[in-house]
Amino acid sequence: PSAIFLKDYKVPPFLIDKTELTFDLDEATTIVTSRLHMRRNPAFGKSTAPLVLDGGEDVKLIGVAMDDYALPPEEYRVSENKLIITATADEFLLTCETLIEPQNNTRLEGLYRSSSMFCTQCEAEGFRHITYYLDRPDVMSVFTTTIIADEARYPVMLSNGNEVERGKTDEGKTVVVWHDPFPKPAYLFALVAGDLAVKNDVFTTQSKRDVKLQIFTESHNIDKVDYAMEALKRSMRWDEETYGREYDLDIFMIVAVDDFNMGAMENKGLNIFNSSCLLASPETTTDDTYLRVEAIVAHEYFHNWSGNRVTCRDWFQLSLKEGFTVFRDQTFSADMHSETVKRVEDVSFLKTAQFAEDAGPMAHPVRPASFIEISNFYTLTVYEKGSEIVRMIHTLLGAEKFRAGSDLYFDRHDGQAVTCDDFVAAMQDASGVDLTQFKRWYSQAGTPIVKVTDSFDAATGTYRLTMVQDTPATPGQPTKLPLHIPVRVGLLDEQGSVLTAEVNGVSAEDHVLHLTSSEQEFEFHGLSAKPVPSLLRGFSAPVKLRYDYSSTDLLLLLSSDSDGFNRWSASQQLAVNELTALINQAIEGQELSIDSQLVHGFKALLNDESLDPAMVALILALPSQAYLSELATPIYPAAIKQARQYLKALLANALSADFERVYREHKMDGDYQPTAEDIAHRSLKNIALSYWAETESELAQQEVVSQFKTANNMTDQFAALSIAVNSQHEKAEALLASFYEQWKAEPLVVNKWLMLSASQEQETALTTVKGLMEHPAFDLKNPNKVRSVLGGFGQSVSGFHHENGSGYAFLADQIILLNKRNPQIASRLCTPLTRWKKMQPELSVKMKAELERILAEDLSKDVYEVISKSLA
Ligand code: B3K
Ligand code: ZN
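Position numbers for residues count from 1 along each chain, tracking the sequence in the order it is written. The order in which chains are written sets their letters, starting at A; the order in which ligands are written sets their numbers, starting at 1. Since the coordinates come from a predicted model, pLDDT governs what is reported: local features require at least 70, and pairs of side-chain atoms require 80 or more to be given and counted, while whole-chain, interface and lining totals use all residues.

**A short note on the overall build of the protein**
So the rule is basically this: Only DSSP runs of H or I reaching four residues or more are called helices, and only runs of E reaching two or more are called strands; each is numbered from the N terminus. All radius of gyration figures rest on C-alpha atoms, and the globule criterion is 2.2 Å times the number of residues raised to 0.38. Counting other C-beta atoms within 10 Å of each residue's C-beta, where C-beta atoms are placed from the backbone, gives the exposure class: buried for 20 or more, exposed for 12 or fewer, partly exposed between. A pair of residues counts as a contact when their C-beta atoms, built from backbone coordinates, are within 7 Å of each other.
When helices and strands are tallied, the protein shows 28 helices and 34 strands. For 872 residues, the compact-globule estimate of 2.2 N^0.38 gives 29 Å, and the protein sits close to it at 28 Å. If you line up the protein on its principal axes, its C-alpha atoms span 85 × 65 × 60 Å. Among the 872 residues that make up the protein, the fraction classed as buried is 50%. Nonlocal contacts in the protein, meaning residues at least 24 apart in sequence, comprise 70% of its contacts between residues at least 6 apart.

**Structural notes on the domain arrangement of the protein**
Under the convention used in this document: Marked domain ranges trace back to an automatic or database domain assignment. Under the scheme applied, nonpolar residues are Ala, Val, Leu, Ile, Met, Phe, Trp, Tyr, Cys and Pro; charged residues are Asp, Glu, Lys and Arg; polar residues are all the others, including Gly.
The domains assigned to the protein are domain 1 (4-195) and domain 2 (310-537). Here the C-alpha centre of domain 2 lies 41 Å away from the C-alpha centre of domain 1. Between domain 1 and domain 2, the residue contacts involve 12 residues of the former and 13 residues of the latter. Looking at the side of domain 1 that touches domain 2 residue by residue, the classes come out as 9 nonpolar, no polar and 3 charged.

**Considerations on the pairing of strand β8 (residues 82-85)**
Our working rule: Think of it this way: DSSP has to see at least two bridges between two strands before they count as a pair.
As paired elements, strand β4 (residues 51-54) and β8 share 4 bridges and run antiparallel to each other. Each residue of the ladder has a partner; that of V52, found in β8, is I84. Pairing of strand β7 (residues 76-79) with β8, which is carried by 4 bridges, proceeds in the antiparallel orientation. Residue pairing across strands places Y76 opposite I85, the latter belonging to β8.

**Things to note about the site of ligand 1**
Let me state the cut-off plainly: Residue proximity rests on one test: whether the C-beta atom, placed from the backbone, lies within 6 Å of the molecule or strand.
Around ligand 1 lies a shell formed by E123, A124, M262, A264, M265, E266, H299, E300, H303, E322, S375 and Y378. Among the elements of the structure, β20 (264-265) and α2 (287-302) are those that each provide at least two residues to the shell around ligand 1. Residue classes in the shell around ligand 1 are distributed as 5 nonpolar, 3 polar and 4 charged.

**Remarks on the nonpolar core**
Formally: In this usage, the nonpolar core is the set of buried Ala, Val, Leu, Ile, Met, Phe, Trp, Tyr and Cys residues whose C-beta atoms join them within 7 Å.
V192, A193, A228, V255, I272 and V293 are the most contacted members of the largest nonpolar core, which totals 250 residues. Here this core spans two domains, and each of domain 1 (4-195) and domain 2 (310-537) adds at least three residues to it. Apart from residues lying up to four places away in sequence, A228 is in contact with I215, I254, L278, A280, V293 and V297.

**So, the confidence of the model for the protein**
Our working definition: pLDDT expresses, on a scale from 0 to 100, how confident the predictor is about each individual residue.
On average, the protein scores 98 in pLDDT, and the residues at 70 or more come to 100%. Interface confidence for the predicted complex, given as ipTM, is 0.99, next to a pTM of 0.99.

**Structural notes on the pairing of strand β5 (residues 60-66)**
Relative to strand β9 (residues 91-100), β5 runs antiparallel, the two sharing 6 bridges. Along β9, the bridge assignment pairs G63 with E97. As defined by bridge partners, β5 adjoins strand β6 (residues 69-70) across 2 bridges and the pair is classed as antiparallel. Bridge pairing in β6 places M66 opposite Y69. The antiparallel pairing of β5 with β6 creates a hairpin that spans 2 residues between the two strands, and D67 there sits at a positive phi of about 45°.

**Things to note about the UniProt feature "domain: Peptidase M1 alanyl aminopeptidase Ig-like fold" (unreviewed entry) in the protein**
Definition in use: UniProt positions are given in the numbering used here, feature names are shortened, and annotations may be inferred rather than shown by experiment.
The residues that UniProt annotates with the feature "domain: Peptidase M1 alanyl aminopeptidase Ig-like fold" (unreviewed entry) are residues 446-548. Between the end C-alpha atoms of residues 446-548 the distance is 23 Å, and the span holds 0% helix and 51% strand.

**Let's talk about helix α9 (residues 551-560)**
Of all the positions in α9, only L554, L555, L556, L557 and L558 are classed as buried. At its buried positions, α9 is contacted by β27 (485-492), β33 (532-535), α10 (564-587) and α11 (598-606).

**Digging into the UniProt feature "domain: Aminopeptidase N-like N-terminal" (unreviewed entry) in the protein**
The UniProt record marks residues 105-188 with the feature "domain: Aminopeptidase N-like N-terminal" (unreviewed entry), using the residue numbering of this structure. Its end C-alpha atoms 19 Å apart, residues 105-188 is made of 0% helix and 49% strand.

**Thoughts on the sheet that holds strand β32 (residues 519-524)**
Here is the rule we go by: To obtain an axis, a line is fitted to C-alpha atoms, over the contacting stretch when the element is a helix, and the angle between two such axes runs from 0 to 180 degrees between their N-to-C directions.
Judged by pairing direction, the sheet is mixed, and its 4 strands sit side by side in the order β32-β26-β25-β34 without closing on themselves. Whereas interior strands pair on both sides, the edge strands pair on one side only; in this sheet they are β32 and β34 (544-546). Taking the axes of each pair of neighbouring strands and ignoring which way they run, one obtains an average angle of 25° across the sheet. The pairing of strand β25 (residues 449-457) with β34 spans 3 bridges and is classified as parallel.

**Observations concerning the sheet that holds strand β2 (residues 14-24)**
Taken together, the 8 strands give an open sheet; going across it, the order is β6-β5-β9-β3-β2-β12-β15-β14, and neighbouring strands pair in mixed fashion. The outermost strands of the open sheet, each flanked by one partner alone, are β6 and β14 (162-168). Pairing analysis gives 10 bridges linking β2 to strand β3 (residues 30-40), with the strands arranged antiparallel. Each bridged residue has a counterpart across the sheet, and for I16 the counterpart in β3 is M38.

Put into structure tokens, the structure is as follows:
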């Protein structure tokens, strides 16, 4: 397989003004007829280039005609999945008949079966698995779709836009015609057919148009869509109020399917969701999932403007729609709940997973310069770091000018396929803020390191910060240029009071400093003593900050910073410092011991009733195994696990009475509500219980079991179960078994059970996971189940990182098994192995050997790219 490059982009030689599709639906063989109204693209220039259409190895060509003249075999050829027609007029109608086999489609791209229904997934290059087409996002076309099927089995037949016709064929099959008036690229095409239940609603837009809202599921799930429907209406209102964006069609539909490679898909007017990201009920869904459902419903809806009305010119520009839309959904969730809590969760995820990606062999810029398989670039870098870039533009412009920039962007480019440069140009033109240097964020990979030192001149009352920035080398990018980094800073005095200081003649409590050179100095005037700096407030840039804080400074920031985000950040730094010392002791084989300062910080926190319980819960959560691994070189997984367990037990025993009290204080009676307030109480209560359960207390052990048995909602029941499993409670096995018995009819709950079961720390973890893959609840064809079991297993240090390498070999076997069946899923499973260079030597060689074993197989493009780059 070979790479394609951004620098080789050319406009398409042909355009498709109208696309008419007919699907004669059948599980075994579906016949697709396409009528493409094509012409040469004037922007391409005068040319006699042949017409080259994209297809897939799973598409069988039956016949092709040009302006109703059936082409004889010598006038076209099919080679390497392309249909090539040498002689064409300047304008013509191309008719193509193809045959596909939905029930044999295991890659879940194109048209496939999920349970008893038909559904599609076309982004990025799935449409070519349906029929031959110019499958690229800069070819936008008006689609009309005709679906023919047996009404008894497929009473619901959906596609994009509006239903315009319904009738019968001579054989008595039903024919439904859909028309979408908005030109769109093929990746936004969708089709669904099945025996589905529906929930209806209506949304009245700001201009007083009624939009029909419909959510479809299999009938046994229709009682779980109310929350998603309300979330949809909140999203529609929010986009009107915040971005001035109104929905454009008369109908908006969402369909839930069980077999789906990712979370959801923003097809025009017909979003398709993984049922795990749409369905919710108090008994079966945890708080986290409620919030995720709301965020993903919003995300896909927001794509209607940021993605569909204005789309990407090519796939290198993916972050144009994804980075911006993630920023939009993050801001939406912050507005619906708590801004600080949301920011902490997003940053914590970024620093754990995106920073790791940026430091690994697949590191790439937010706008990649090349790829072998685009599916591999739906990454945390494109999504989450892409969102951070948009957030920094928001910081640099301010809210008002940012809105002017987004208005200009949508006005200027409505109906077009554009680039990240076009987005930045609109922001710059509307605001007058120069973003020339800032644009390097799109093209440079790697996480910048910002080192800060300071000094105080008592004679003049001047406090100086010196900042040095440096971005490490990444594959293909040995040297880096300085970035424009907005660093938000505030100052505290020794008592923790906020200080006002003057920077460049502006007096304020909070300053955004513009770090643009490799090294730069900033002066704060009007101070009487050396302050404690609160740096990078709100995580104003996605960088690694290095400043030598003392434990006293960190405790002060933790208790007093007016920036809630930095209070959390200080607690994390304090915990990381202590854990690092403990990890080093563990690596050296010493007995662990520490005089923990966190005890004091946590004690104060647990006794301060003025605090948001959600924030207290976040601060109490120790840095994760994954985050500590990201920080370490090399990574000693067992030492990290041992250090975390030690510190958790130490804190639990030192503050056991406080944890017990907080646990009891935050218990709630009454009906479950997924509101920010109730979620906050539950999260604090459950983390308090997780500490208390680490102590010898009999009462705590009883409380875990009693919460498991009496909980009226999944959040509390599953928290109790997880605590039992993670604290090696003597009843853990029994509770896991009873949980499965209770919930075996609910696949989404069973997936949680699979994940928790697979993640257990035990010498026999590998046997457990093999057993789970043989369990009747497991299904290799279902991505959610594969992710649950193998994702869970990846968290088991004793299982996955077993010193004999059996965990790695097992994962490699699964990758090889899925390589051809479902390349996208197989490729995602490779991630843990790609980190081999950072592992402790004994484990590193074992991981590498597995990568080499995989590379020797006949690989899909997806897996080949990840494995070969990891070994390079
Ligand atoms: N745009 C889709 C992702 C498609 C992934 C294709 N491999 C979902 C989203 O980001 O909204
Ligand atoms: Zn998206």
